[in-house]
Amino acid sequence: MEERIENIRLIPAPIEIFFSEASNDPEGFEREYHSLSESDDDPIGQWLKLAKARGETQDTDPVLLNLVVELHRKLDNLEAFLKNQEPKRLSLMYHTQIESIGYEHFKIKEKLFIPQTLYYGRIAMPVHPKRDVAIFFETLNEDIAFIKRMHDRDIKEWNSYVAARERVLIREMREKQK
């Protein structure tokens, strides 16, 4: 196991994670995992899917359309905040900072994991649009985890974020060499 951990390539990344052992509430965590994947299924997201299916968006700039949709979502979130409505999320036992990430792994700052344990977590992705990503992960030791399950769309965003962090690191290294 230790040899496998030594071969993991991780890049520094400032991300927060909330997590609990998956065995604490397997059905509840599974439900939340699926509900977080359907974040596009809000009313504006459904409208957009239908409009795309009918071909009503073909003459529209996709970047502009996505920005308008995200603006609408932000207004919906603001309205919910003003009405004191919070999204229903399960309470998770732990909250910590992720120190570094890889395509299939991450490392937290504190040694909170029980090795070889399955956990459910929510990661606050620092990308546009900001949202929580649900994951199931298995721990390799007290601070390194292997991502076992993540939704397809979230995998793409995670991998893009890892690649972006790698590019930042490369630029910083080049700047230091000058």
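Residues numbered from 1 in each chain as written. Predicted model: local features only at pLDDT ≥ 70, side-chain atom pairs only at ≥ 80, totals over all residues. Heavy atoms only, no water.

A. Representation of the side chain of Thr96. The topology assignment puts Thr96 in strand β2 (residues 94-101). For Thr96, a relative accessible area of 4% translates into the label buried. Apart from residues no more than four positions distant in its own chain, Thr96 is found in contact with Ile15, Glu16, Ile17, Phe19, Ile108, Glu110 and Leu112. (Helix = DSSP H or I, 4+ residues; strand = E, 2+ residues; numbered from the N terminus. Buried < 20%, exposed > 50% of the residue type's maximum accessible area, 1.4 Å probe, protein only. Contact = heavy atoms within 4.5 Å.)

B. Unusual backbone geometry, seen in detail. Located in the positive-phi region is Gln116, a residue other than glycine, with phi close to 55°. Note that Gln116 resides in the loop between β3 (105-108) and β4 (118-125). The partly exposed category is assigned to Gln116, whose relative accessible area is 45%.

C. Structural context of helix α4 (residues 62-82). Over its 21 residues, α4 runs 30 Å from end to end, which matches the ideal 30 Å to within 8%, given 1.5 Å per residue. Buried residues of α4: Leu65, Val69, Glu70, Arg73 and Ala80, and no others. The buried side chains of α4 occupy one side of the element, clustering within an arc of 130° when seen end-on. Opposite the buried face of α4, by more than 90 degrees, sit the exposed residues Val63, Leu71, Lys74, Leu75, Phe81 and Leu82. On its buried face, α4 is in contact with α3 (43-53). (Expected span 1.5 Å × (residues − 1). Arc of directions from axis to C-beta.)

D. Highlighting the packing of α3 against α4. For the pair α3 and α4, interaxial distance at closest approach is 9 Å and the crossing angle is 155°. Considered as vectors, α3 and α4 are oriented roughly antiparallel to each other. Helix-helix and strand crossings are classified by hand; for α3 and α4 the assignment is right-handed. Seen from α3, the contacting residues are Ile44, Gly45 and Leu48; seen from α4, they are Leu65, Asn66, Val69, His72 and Arg73. (Axes fitted to C-alpha atoms, helices over the stretch in contact; angles between N-to-C directions. Parallel < 35°, antiparallel > 145°, perpendicular 65-115°, else oblique. Left-handed = near helix turned anticlockwise from the far one by under 90°.)

E. Up close: the pattern of salt bridges. Evaluated as defined, the whole model comprises nine salt bridges. Across the pair Glu30 and Arg149 runs a salt bridge whose closest N-O atoms are separated by 2.6 Å. You can see Glu30 sitting in helix α2 (residues 26-37) and its partner Arg149 sitting in strand β6 (residues 144-150), a full 119 residues away along the chain. Overall, Arg149 belongs to the partly exposed group, its relative accessible area being 31%. As a salt-bridge pair, Asp143 and Lys107 come within 3.9 Å of each other at their nearest N and O atoms. Note that Asp143 is positioned in the loop between β5 (131-139) and β6 and Lys107 in strand β3, a separation of 36 residues in sequence. Look at Lys107 and you get partly exposed, because its relative accessible area is 23%. Among the charged side chains, a salt-bridge network with shared partners connects Glu99, Lys107, Lys111 and Asp143. (Salt bridge = Lys/Arg side-chain N within 4 Å of Asp/Glu carboxyl O.)

F. The arrangement of the nonpolar core in detail. One finds Ile17, Ile101, Phe106, Phe137 and Trp158 to be the most contacted residues of the largest nonpolar core, which totals 22 residues. Top contributing element to this core by residue count: strand β1 (residues 11-21), with five residues. Not counting residues within four places of it along the chain, the set of residues in contact with Trp158 comprises Ile15, Ile101, Gly102, Tyr103, His105, Phe106, Ile123, Met125, Ile147 and Met150. Tyr33, Leu36, Leu92 and Phe136 belong to the second-largest nonpolar core, a separate cluster that totals eight residues. (Core = buried A, V, L, I, M, F, W, Y, C linked by side-chain atoms within 4.5 Å.)

That's the geometry; what it means functionally is another story.
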